[in-house]
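# Structure assessment
Read off the chains here:
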Amino acid sequence: MTVVPSLVPSATPRSKTPGAPAIPRGQNLIGGGFCDARDGATLPVIDPARDRLLTTIPASGAADVDAAVAAARDAFPAWSASATAERADLLDAVADAIERRLGELALLESLDNGKPVSLARAVDIPRAVANFRFFAGAVRHQQTACHPMDGDALNYTLRRPVGVFGLITPWNLPLYLLSWKVAPALAMGNTVVAKPSELTPLTATALAGILQELGAPAGVFNLVHGRGHEAGQAIVEHPDVRGVSFTGGTATGARVAAAAAPMFKKLSLELGGKNPTLVFADCELDEAVRGAARAGFANQGQICLCGSRILVERPIYRRFVDALVEEARARTPGDPQDPATGFGALVSAAHRDKVARYVALARRDGGVLLCGGRAPELPGELARGAFYEPTVIDGLSPASETATEEIFGPVVTVHPFDDEREAVRLANCVRYGLAASLWTRDLARAHRVSAQLASGMVWVNTWLLRDLRVPFGGMKDSGVGREGGRFSLEFFSESRNICIKL
Ligand code: NAD
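Definitions and cut-offs
Residues numbered from 1 in each chain as written. Predicted model: local features only at pLDDT ≥ 70, side-chain atom pairs only at ≥ 80, totals over all residues. Heavy atoms only, no water. Near = heavy atom within 4 Å. Polar contact = N/O pair within 3.5 Å; in protein donor to acceptor, adjacent residues only side chain to side chain. Areas by Shrake-Rupley, 256 points an atom, 1.4 Å probe, with all protein chains shown as cover. 1 Å grid on protein atoms, 1.4 Å probe; cavity = no way out; pocket = protein on both sides within 12 Å on 5 of 7 lines; lining within 4 Å. Sits in = over half its atoms within 2 Å of the grid points. Helix = DSSP H or I, 4+ residues; strand = E, 2+ residues; numbered from the N terminus. Nonpolar A, V, L, I, M, F, W, Y, C, P; charged D, E, K, R; others polar. Domains from an automatic or database assignment. Points joined across faces, edges and corners; volume = space filled by probe spheres on them. Pairing = 2+ DSSP bridges. Axes fitted to C-alpha atoms, helices over the stretch in contact; angles between N-to-C directions. Contact = heavy atoms within 4.5 Å. Buried area = accessible area lost by both parts, 1.4 Å probe. Salt bridge = Lys/Arg side-chain N within 4 Å of Asp/Glu carboxyl O.

Before going further, it helps to examine the site of the ligand. Among the 30 residues in the neighbourhood of the ligand, the closest are listed as Glu198, Gln233, Thr252, Leu271 and Glu406. Gln233 places a side-chain nitrogen or oxygen 2.7 Å from a nitrogen atom of the ligand. For the ligand, a nitrogen atom lies 2.7 Å from a polar atom in the backbone of Leu271. Surface burial for the ligand is 90%, taken as the share of its 850 Å² of free accessible area covered by protein chains. Among the cavities detected, the one that contains the ligand is the largest pocket. If you list the elements that add at least two residues to the shell around the ligand, you get α7 (228-237), β10 (241-247) and α8 (250-260). Counting residues per element, the shell around the ligand draws most heavily on α7, at four residues. When its residues are assigned to classes, the shell around the ligand shows 12 nonpolar, 13 polar and five charged. If you count residues domain by domain, the shell around the ligand takes at least three from each of domain 1 (28-271 + 478-497) and domain 2 (275-467).

Let us look at the layout of surface pockets. The calculated volume of the largest pocket comes to roughly 900 Å³. Breaking the lining of the largest pocket down by element, the ones donating at least two residues are α7, β10, α8 and α11 (349-364). With five residues, the single largest contributor to the lining of the largest pocket is α7. Of the residues contributing to the lining of the largest pocket, the split by class is 14 nonpolar, 14 polar and seven charged. Residues from two domains meet in the lining of the largest pocket; each of domain 1 (28-271 + 478-497) and domain 2 (275-467) gives at least three.

Once that is clear, we can look at the sheet that holds strand β5 (residues 146-149). Strand pairing within a sheet occurs via backbone hydrogen bonds; the two strands may be parallel or antiparallel. Across the sheet, three strands lie side by side as β5-β6-β22; this open sheet has antiparallel pairing. Since the sheet does not close on itself, it has two edges, and those belong to β5 and β22 (494-501), each with one partner. Averaged over neighbouring strand pairs, the angle between their axes works out to 20° when direction is ignored.

This paragraph deals with the domain arrangement of the protein chain. Assigned domains of the protein chain: these are domain 1 (28-271 + 478-497) and domain 2 (275-467). Centre-to-centre, using C-alpha coordinates, domain 1 lies 30 Å away from domain 2. Tallying the contact residues gives 28 residues for domain 1 and 33 residues for domain 2. Carbon and sulfur atoms supply 51% of the area buried between domain 1 and domain 2, which totals about 2300 Å² over both sides. For domain 1, the biggest contributors to the area lost against domain 2 are Arg50, Trp171 and Ser478; these three give 26% of the whole. Counting across the interface, domain 1 meets domain 2 through two salt bridges. Asp335 is the partner of Arg50 in a salt bridge, and the nearest nitrogen-oxygen pair spans 2.8 Å. Where domain 1 touches domain 2, the interface holds 15 residue pairs in polar contact (both at pLDDT 80 or more). Where the side of domain 1 that touches domain 2 is concerned, the elements lending two or more residues are α3 (102-113), α4 (117-140) and α5 (174-187). Looking at the side of domain 1 that touches domain 2 residue by residue, the classes come out as 13 nonpolar, eight polar and seven charged.

Below is the structure:
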């Protein structure tokens, strides 16, 4: 099987594991040219479903980042002065190009991450397309504020590009989350240095290839591959990087914030979550079960918005939990590249081991495993893969480590509650505050409870229904700032107020 060689620079040694698909080695894109790390160092890219080497990427360091930032700085004056329509047209062209290559990109995402190719085809890649299209439209139609002062003066606000942005992204939705940052940053006239997760770099390299093919001006989009504490840290610490948009874990976010703060960089932090799903006895039970299972196990539980802490009103507790276990059991791990597979591998063996450690902690703390709690037995090469069965744990204290810490895998804990007050207390008693979903047919309760949840986002009778105009982000240890719609346009620009005396 040959995978999109056209999207990645050529002249490359093929990957070394026999039988692995032929994926050219990844390179950095700096100042309009593809290149390796200056010292030639590389990192392996592993297919987690078969534990095989797919290709390599540069293990970039500070010198590579320096070159990328210099290229972005040089490109900034012309790009920031370009017409809005020119920038929007480029984003639309990127969206069209991604859409044309949907199948190839979905396959890359699946190989790299272990996610089902069906999910990448239905969600990851279409949403990357939508992000580019949305921000092309948003910047074309953006408005600014005007504050007249009773005939004395007129204030109006301009939004100006900031400069070079560092964009750092995680492994769970690689192209989708990268596009969420690249599109608004470029739309507003900034230039960027992007660093995708070293675990899932393939579609970022493909995006660089697309921008090159489309003739994006050199240095407007730069890509630097590498480890977080090397390439990532160097981006955050670089004095010419004027803003950083970071999505990743809370501990990493704290390091990013500490490095960026003394230089007063614009900073957006989209961090971890331990999101509650609140199920009230008056809910539409079948829908709530399906919704909670989807929230718990989509992308093998590796979405920051996943609902891994399921709170259920006592009168329906047993019925709900039994039905949830059935839903979980129906998700059989299988070959991510088989179009019929709905539940794939985790991103790496190390991550699978972390998930298993939390399940062991749950056992120690008296948790009862209703299903899952182990790696499945799969045939052939898949036997080496980082698979883990969907797991439902009952009987744990809602204050236990497994019930309060982010696991970021296919593990949910279930807890009964007796009334609304207790439901809200349990929902809010974690350090995170990213998202919540609640299931009820009582509209007054939906409003009342939503208003009390300490979460950046609340879904009622649904989960992960996304409107790209709304504020996206979390409170408490889930992050700082909001992205999406005008919030992204504002983050990726500086406002300048102009006051004219009449
Ligand atoms: P991570 O924090 O380990 O890595 C994220 C990115 O940061 C990677 O590109 C990594 O190389 C880089 N990085 C690591 N150390 C760095 C440093 N010192 N300086 C600069 N960059 C550094 O996170 P991950 O394991 O890739 O992703 C999983 C986490 O991401 C989970 O906690 C999940 O909740 C979170 N996440 C949050 C959102 C959101 O929108 N809030 C979305 C997706 C994922």
